[in-house]
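Notes for the structure review
Here is how the chains run, residue by residue.
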Amino acid sequence: TIWTQQILSLIFNEGHRNGTEHVENVQRVPWIEYNMYNIDFKSRPSPRLFSSHLPYYLMPRDLQFRKPKFIYVCRNPKDAVVSFYHFCKMNPHFKSTISWETFFNLFISGKVIGGSWFDHISGWYAHKEDVNILFVTYEEMKKDLRSAVLKICTFVDIKLNEKDIDTVVEKATFKNMKEDPLANYAFLPSDLLDQTKGKFLRKGIVGDWKNMMTVAQNEMFDKVYKEKMGDLPIKVLWDLKEEDAS
């Protein structure tokens with residue numbers, strides 16, 4: 001979501017691309033459920049951009065009638081649980097002493113902030129015909145960022161020249177985002193995120209779950225995934241090497 005927040009900020013704001021505007025992404029694309037700066041959403045000029053981790057059933061009902069465009073970013077849940085675990089260890093509002101094994105089991109059962117990953121994606125996908133929505137995966141963005149940027153530009157009806165596309169892609173790489181004070185969330189106060197315990201933008205890779213999960217945990221996850229997701233036609237890549245080998 002943070003990655004797409006950066007991409008949309010760059011697509012819609014020329015000043016962000018050429019470095020003449022110094023506005024944090026969280027103000028360009030604020031969170032619906034975390035209005036940290038008390039922004040008056042109604043007074044924001046159109047087009048209004050927002051971020052959210054909300055499941056479909058908690059989204060404001062008016063969105064069904066205003067017909068906005070949604071970009072839903074899906075990351076493979078094995079990497080998602082690892083990323084979430086490290087994030088929680090940095091957040092003073094969570095139990096930073098929680099073990100990986102305990103957190104893994106909580107995630108599997110959906111007893112974490114944001115609820116069940118499985119219910120979240122299946123809930124949004126079930127309404128794909130009701131809203132104007134583009135599904136993209138973290139892994140396809142990682143594999144070919146330029147194609148993902150072009151797909152998003154087409155979806156939001158913005159045509160950029162080749163030079164501007166190059167700039168968006170360059171500034172949206174993990175390496176550059178990690179060093180960009182407008183995008184890396186280093187501005188968050190320590191009572192919200194203690195970055196002495198790690199970085200908000202940590203690794204940005206596909207397949208990091210292999211460094212955390214035991215064989216037993218991986219087998220359990222595969223079983224739960226098969227039970228929960230069934231025939232949902234969204235291809236999830238657990239490692240980019242899978243596609244390279246296919």
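Residues numbered from 1 in each chain as written. Predicted model: local features only at pLDDT ≥ 70, side-chain atom pairs only at ≥ 80, totals over all residues. Heavy atoms only, no water.

**Side note on helix α1 (residues 2–12)**
An α-helix turns once per 3.6 residues; consequently, residues spaced three or four apart project the same way. For the record, the criterion: To sort residues, take the accessible area from a 1.4 Å probe on protein chains only and compare it with the maximum for the residue type: under 20% means buried, over 50% means exposed, and anything in between is partly exposed. The helix count covers DSSP runs of H or I at least four residues long, the strand count covers runs of E at least two residues long, and both are numbered beginning at the N terminus.
Most of α1 is tucked away, with ten of its eleven residues classed as buried. All of the buried residues in α1 are I2, W3, T4, Q5, Q6, I7, L8, S9, L10 and I11.

**Observations regarding the packing of aromatic side chains**
As a reminder, the rule being used: A pair of Phe, Tyr and Trp rings is counted when the ring centres sit within 6.5 Å of each other, with Trp represented by its six-membered ring. The angle between the planes then sorts it: under 30 degrees is stacked, over 60 is edge-to-face, the rest tilted. Geometrically, a charge over a ring is one whose NZ (Lys) or CZ (Arg) sits within 6 Å of the ring centre while staying within 35 degrees of the ring normal.
Following the criterion strictly, the structure yields 20 aromatic pairs and no others. Relative to W238, the ring of Y225 lies with its centre 5.2 Å away and its plane at 80 degrees, an arrangement referred to as edge-to-face. In this pair, Y225 is assigned in helix α12 (residues 215–229) and W238 in the loop between α12 and α13 (240–245), connecting sequence segments 13 residues apart. You'll find Y225 and W238 in the same group, each marked buried. Here the aromatic cluster, defined as three or more aromatic residues joined through ring pairs, consists of F84, Y85, W100, F103, F104, F107, W117, F118, F221, Y225 and W238. Stacked on the ring of Y56, the Lys or Arg R61 has its end atom at 5.5 Å from the ring centre. Taking NZ or CZ as reference, K78 lies 4.5 Å from the ring centre of W238, over its face.

**Considerations on the nonpolar core**
Across soluble globular proteins, nonpolar side chains have a tendency to be buried as a group. Applied cut-off: Among the buried residues, those of types Ala, Val, Leu, Ile, Met, Phe, Trp, Tyr and Cys that are joined through side-chain atoms within 4.5 Å form a nonpolar core. In what follows, a contact means two residues having at least one pair of non-hydrogen atoms within 4.5 Å.
If you look at the biggest cluster of nonpolar residues, it comprises 36 residues, and the most contacted ones within it are W3, I7, I11, L145, V149 and V168. With residues up to four places along the chain from it excluded, the contact list for I11 reads R17, V149, I152, C153, V156, I158, L160 and V168. In this structure, C74, Y85, I98 and I234 belong to the second largest nonpolar core, which totals 35 residues.

**Brief notes about the confidence of the model for the protein**
Filter applied, for reference: For every residue, the predictor assigns a confidence score, pLDDT, that lies between 0 and 100.
Counting all residues, the mean pLDDT for the protein is 89, and 97% of those residues have values of 70 or more. Element-level mean pLDDT values for the protein span from 60 in α13 up to 97 in helix α9 (residues 145–155).

**Some words on the environment of V81**
One can find V81 in helix α5 (residues 77–90). In the structure, V81 is positioned 21 residues away from T102 in sequence and 12 Å away in space, judged by C-alpha atoms.

**What to know about the packing of helix α6 (residues 100–109) against α12**
For clarity, the cut-off: Axis lines are fitted to C-alpha atoms, over the contacting stretch for helices. Their N-to-C directions set the angle, which ranges from 0 to 180 degrees. Convention used here: angles under 35 degrees read as roughly parallel, angles over 145 as roughly antiparallel, angles from 65 to 115 as roughly perpendicular, and any remaining angle as oblique. Throughout this entry, Asp, Glu, Lys and Arg are counted as charged residues, while Ala, Val, Leu, Ile, Met, Phe, Trp, Tyr, Cys and Pro are counted as nonpolar. The remaining residues, Gly among them, count as polar.
Relative orientation of the contacting elements α6 and α12 amounts to 10 degrees, with a least axis distance of 11 Å. Considering the angle they form, α6 stands roughly parallel to α12. The residues of α12 that touch α6, namely those facing W100, E101, F104, N105, F107 and I108, are Q217, M220, F221 and V224. Of the residues belonging to the contact of α6 with α12, the class tally is seven nonpolar, two polar and one charged.

**A closer look at the pattern of salt bridges**
In plain terms, the rule: Definition used for salt bridges: Asp or Glu carboxyl oxygen within 4 Å of a side-chain nitrogen of Lys or Arg.
Per the counting criterion, the structure on display carries twelve salt bridges. The salt bridge involving D164 is made with R17; its shortest N-O contact spans 3.6 Å. Of this pair, D164 sits in helix α10 (residues 162–171) while R17 sits in helix α2 (residues 14–18), placing them 147 residues apart in sequence. By relative accessible area, which is 10% here, R17 ends up buried. When the shortest N-O distance is used, the salt bridge between K151 and E140 registers 2.9 Å.

**Observations concerning unusual backbone geometry**
Most peptide bonds take the trans configuration, and most residues that are not glycine carry a negative phi. A cis geometry characterises the amide bond from S46 onward to P47, with omega recorded as 0 degrees. Locating P47 in the fold gives a position in the loop between α3 (25–28) and α4 (63–66). Phi angles above zero are rare outside glycine, and N38 is one such case at about 50 degrees. As for its placement among the helices and strands, N38 is situated in the loop between α3 and α4. Residues other than glycine seldom take positive phi values, yet D157 does so here, at roughly 60 degrees. Structurally, D157 can be placed in the loop between α9 and α10.

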